[in-house]
Amino acid sequence: KELITLLLDEMIAYLPYLELSIQGYCMCVTAELRKIWQKNREQRKDTDKTHLYQALIYMNKHFNEELSISQLAEICNLSETHFRRLFKDKFSMSPLKYLNLIRIREACTFLSRKSLLISEAAELAGFQTLSSFNRKFKEVMGLPPHRYQTKLRLDRSRYLLKNTQLNISEIAFMTGFSDPLYFSR
């Protein structure tokens, strides 16, 4: 307000060097507007981050449900396009890839339980089909789910064999191997 008032006063007075004086005041007004714009832009970025974290929390809580980009964007009060762009800028991956990583992490936890079938782990982790689970699991973990589960059991068996007084048959029974000699190789 003060700059505009000074500018108007200068124009009314019509003093020498009026044009140069007006240019100076206009530059000051432009600089002030730029500061206001920058401050608002930073506040918007903070708000966007807060909104994105709400989506992350939601995804971690509801990973086993069918989630859509429109649903996540709505949680953040953003358009789908803006949500996707901000998410990718902030986390260097798409929202869907992030959701699949959460699901694979949870599936690994489920697969570590010896009594759970791979299809059950896939369903509990939120995958709609076993084939998409197998494909994503191998993509992320570098091996198929059945090999991952076998590797976990082998590691557990070897640990028990080395660190307990249990015999091979007892360990095989505890870890779900039908052949006690399988993991002693």
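This text goes with the structure placed above it.
Analysis parameters
- Residues numbered from 1 in each chain as written.
- Predicted model: local features only at pLDDT ≥ 70, side-chain atom pairs only at ≥ 80, totals over all residues.
- Heavy atoms only, no water.
- Helix = DSSP H or I, 4+ residues; strand = E, 2+ residues; numbered from the N terminus.
- Buried < 20%, exposed > 50% of the residue type's maximum accessible area, 1.4 Å probe, protein only.
- Contact = heavy atoms within 4.5 Å.
- Areas by Shrake-Rupley, 256 points an atom, 1.4 Å probe, with all protein chains shown as cover.
- Salt bridge = Lys/Arg side-chain N within 4 Å of Asp/Glu carboxyl O.

**Student:** Before we go on, may I ask you to explain the overall build of the protein in this structure?
**Tutor:** Of regular secondary structure, the protein possesses nine helices and zero strands. In sequence order, the secondary structure elements of the protein are arranged as α-α-α-α-α-α-α-α-α. Within the span of the protein, comprising 185 residues, buried residues form 32% of the whole. Nonlocal contacts in the protein, meaning residues at least 24 apart in sequence, comprise 48% of its contacts between residues at least 6 apart. Entry remark: accessible area of the protein is about 12,700 Å², with carbon and sulfur atoms responsible for 57%.

**Student:** Looking at this structure, how should I read unusual backbone geometry?
**Tutor:** Most peptide bonds are trans, and most residues other than glycine sit at a negative phi. Unlike most non-glycine residues, N77 shows phi in positive territory, near 55°. Residue class for N77 comes out exposed when judged on its relative accessible area of 63%. Phi at S92 is positive, roughly 55°, even though this residue is not glycine. Mapped onto the fold, S92 is located in the loop between α4 (80-91) and α5 (95-111).

**Student:** Honestly, the pattern of salt bridges in this entry has me stumped. Any pointers?
**Tutor:** Pairing between side chains of opposite charge can happen when the charged atoms of each approach one another. Overall, the coordinates contain five salt bridges when judged by the stated rule. K136 is the salt-bridge partner of E139, the closest N and O atoms lying 3.9 Å from each other. Taken together, the residues E139 and K136, both in helix α7 (residues 130-141) and three residues apart, mark about one turn of the helix. The exposure class assigned to E139 is exposed, which follows from its relative accessible area of 55%.

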